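# Working through the structure, step by step
One letter stands for each residue in the lines below.
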Amino acid sequence: MTALQDIKNAVRSRSIHVCYVNVGSCNGCDIEILACLAPRYDIEQYGIYVHNNPREADILLVTGGFSPQWEDKLKAVWDKIPEPKAAIAIGNCPISGCVFNREGTYLDPPVRKHIPIAAEVPGCPPRPTEILEAVLSLAPVVFKDYERREE
Ligand code: SF4
């Protein structure tokens, strides 16, 4: 890898664009994601930018236990994200269905059955610091050797 590629990868790993999608949550996890944007956690100080355009995203955050109406839609969102990319399951719902995974409910967890999930953040809901940690932990994974992989 050349020095220029090293620099590019280092810069990319400090400019992470995140979008998120709710595939059937109670909104508890979404509130914690929004808390990351507030001054207390100030996610942008780590070079993480949240916006809901998958075409500009590097990392997708998924909340909710996955209602089957999302089958095609979540894949469509995932396909719109350019490589390199990764998805993180936020909260117990996308991991196991949490309190909603019971007889008679219309859910199909875990989300990793539907798109590749690189990291899971358990909790009901998880703390903003845990969400931040998961996003930052994936930056080197997403951007490592990206130039080399493209060759
Ligand atoms: S994990 Fe808990 S807080 Fe998050 S969406 Fe599920 S029920 Fe709500």
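Conventions used here
Residues numbered from 1 in each chain as written. Predicted model: local features only at pLDDT ≥ 70, side-chain atom pairs only at ≥ 80, totals over all residues. Heavy atoms only, no water. UniProt positions renumbered as here; feature names shortened; annotations may be inferred. Helix = DSSP H or I, 4+ residues; strand = E, 2+ residues; numbered from the N terminus. Buried < 20%, exposed > 50% of the residue type's maximum accessible area, 1.4 Å probe, protein only. Salt bridge = Lys/Arg side-chain N within 4 Å of Asp/Glu carboxyl O.

Looking up the protein in an unreviewed UniProt entry gives the name NADH:ubiquinone oxidoreductase-like 20kDa subunit domain-containing protein, with the organism given as Methanogenium organophilum. Per UniProt, the protein carries the Cofactor (unreviewed entry) text "[4Fe-4S] cluster". We quote the UniProt Sequence similarities (unreviewed entry) comment for the protein here in full: "Belongs to the complex I 20 kDa subunit family."

## Some details on the environment of G47
Mapped onto the secondary structure, G47 falls in the loop between helix 2 (28-37) and strand 2 (48-50). Judged by relative accessible area, which is 8%, G47 ranks as buried. Between the C-alpha atom of G47 and that of R14, which follows or precedes it by 33 residues, the distance is 5.2 Å.

## Thoughts on the pattern of salt bridges
Overall, the coordinates contain 3 salt bridges when judged by the stated rule. Residue K113 pairs with D108 through a salt bridge whose shortest N-O separation is 2.6 Å. Note on D108: relative accessible area 26%, which makes it partly exposed.

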